[in-house]
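A closer look at the structure
Listed here are the chains, written in short residue letters.
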Amino acid sequence: YNDDWVTTAELLRRRGFSEPLSKIVEEATDLYLQLAPSNEFALFDDQLLFEISERHPLFIVTGRTRPEYNPIWGERLDPLFKRVYCLHDVPGKAPKPSPDYLLQLMIDFNLEAGVYVGNAVDDMWAARDANLSRIGITSTLPADALSAAGAQIVLESVNELRQVFSL
């Protein structure tokens, strides 16, 4: 699952609890916004992203909603990316594992090709279905799971992109 709240609903269901997704989203989002500032940290070197952005346009497609993304990551990441696509930013488009957001990004910026970097099976599936090259990062899953999902290159750290992009 690429969405934390859908994952939570499924884990609760497997344990015999049934809660409406809307209730989970409301309560979990509040908890996330309380805990994330002191518990979420970047797994990358900002300088690396800056160096890549000097040579290639960078974008984010996240399953986080704008109210979840902005207070935690917006100030730090927005200057490094041409555009950040959060969940619900593109009405009528399905979230990952659908390629909808990636295809919309390609239309919006007149792109014919690209490389998608992600750490989830849904990331690899969405990128594959958008006909993008795929790099998996093993921050949440083992290399074999990302490879099986379609990753063409698997790295242990985002910082290894320095070698991939010859920086």
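Scroll up a little and you will see the structure.
The structure presented is a predicted model; accordingly, all values stated were derived computationally and were not measured.

This part takes up helix 6 (residues 121-129). Taken as a whole, helix 6 has its buried residues at Asp122, Asp123, Met124, Ala126 and Ala127. Residues of helix 6 that are buried sit in contact with helix 5 (100-108), strand 3 (115-118), strand 4 (133-137) and helix 7 (143-148). Of the residues flanking the end of helix 6, it is Asn131, one or two places downstream, whose phi is positive at about 60°.

Our focus in this paragraph is the nonpolar core. Formed by 26 residues in total, the largest nonpolar core has its most connected members in Leu49, Tyr69, Trp73, Leu77, Phe81 and Leu161. With residues near it in sequence (within four places) discarded, Trp73 still touches Tyr32, Glu40, Phe41, Ala42 and Asp78.

Moving on, we get to unusual backbone geometry. A cis amide bond, omega 20°, links Lys96 with the succeeding residue Pro97. Inspection of the secondary structure puts Pro97 in the loop between strand 2 (83-87) and helix 5. A positive phi angle is found at Asn110, which is not glycine, with a value near 50°. Within the element layout of this structure, Asn110 appears in the loop between helix 5 and strand 3. Of note in the backbone geometry, Asn131 takes a positive phi value of approximately 60° without being a glycine.

On to the pairing of strand 1 (residues 59-65). In terms of burial, strand 1 is a largely internal element, six of the seven residues being buried. Pairing of strand 1 with strand 2, which is carried by four bridges, proceeds in the parallel orientation. Looking at the pairing, Ile60 lines up with Val84 of strand 2. For the crossover from strand 1 across helix 4 (residues 66-77) to strand 2, the handedness is right-handed.

For the rest of this paragraph, the subject is the pattern of salt bridges. Per the stated rule, a full pass over the model turns up 13 salt bridges. Put simply, Glu10 and Arg13 hold a salt bridge, and the shortest N to O gap is 2.5 Å. Here Glu10 pairs with Arg13, and both are found in helix 1 (residues 4-14), just three residues apart, close to one helical turn. With a relative accessible area of 13%, Glu10 lands in the buried category. Asp123 is paired through a salt bridge with Lys96; the nearest N and O atoms lie 2.7 Å apart. Of the two residues, Asp123 sits in helix 6 while Lys96 sits in the loop between strand 2 and helix 5, which places them 27 residues apart along the sequence. Here Asp123 matches Lys96 in class, with each residue buried. Each of Asp4, Glu40, Arg64 and Glu68 takes part in one network of salt bridges that share partners.

Below, the discussion takes up the packing of helix 1 against helix 2 (residues 21-39). Taken N-terminus to C-terminus, the directions of helix 1 and helix 2 make an angle of 120°; their axes are 9 Å apart at the nearest point. By the criterion of interaxial angle, the relationship of helix 1 to helix 2 is oblique. The hand of the helix 1/helix 2 crossing is right-handed. Packed against helix 1, whose contacting residues are Trp5, Val6, Thr8, Ala9 and Leu12, the element helix 2 presents Leu21, Ile24, Val25, Ala28, Thr29 and Tyr32 at the interface. Partitioned by chemical class, the residues of the contact of helix 1 with helix 2 number nine nonpolar, two polar and no charged.

Parameters at a glance
Residues numbered from 1 in each chain as written. Predicted model: local features only at pLDDT ≥ 70, side-chain atom pairs only at ≥ 80, totals over all residues. Heavy atoms only, no water. Buried < 20%, exposed > 50% of the residue type's maximum accessible area, 1.4 Å probe, protein only. Helix = DSSP H or I, 4+ residues; strand = E, 2+ residues; numbered from the N terminus. Contact = heavy atoms within 4.5 Å. Core = buried A, V, L, I, M, F, W, Y, C linked by side-chain atoms within 4.5 Å. Pairing = 2+ DSSP bridges. Right-handed = clockwise from strand over helix to strand, strands pointing away. Salt bridge = Lys/Arg side-chain N within 4 Å of Asp/Glu carboxyl O. Axes fitted to C-alpha atoms, helices over the stretch in contact; angles between N-to-C directions. Parallel < 35°, antiparallel > 145°, perpendicular 65-115°, else oblique. Left-handed = near helix turned anticlockwise from the far one by under 90°. Nonpolar A, V, L, I, M, F, W, Y, C, P; charged D, E, K, R; others polar.

Geometric values such as these leave the question of function open.
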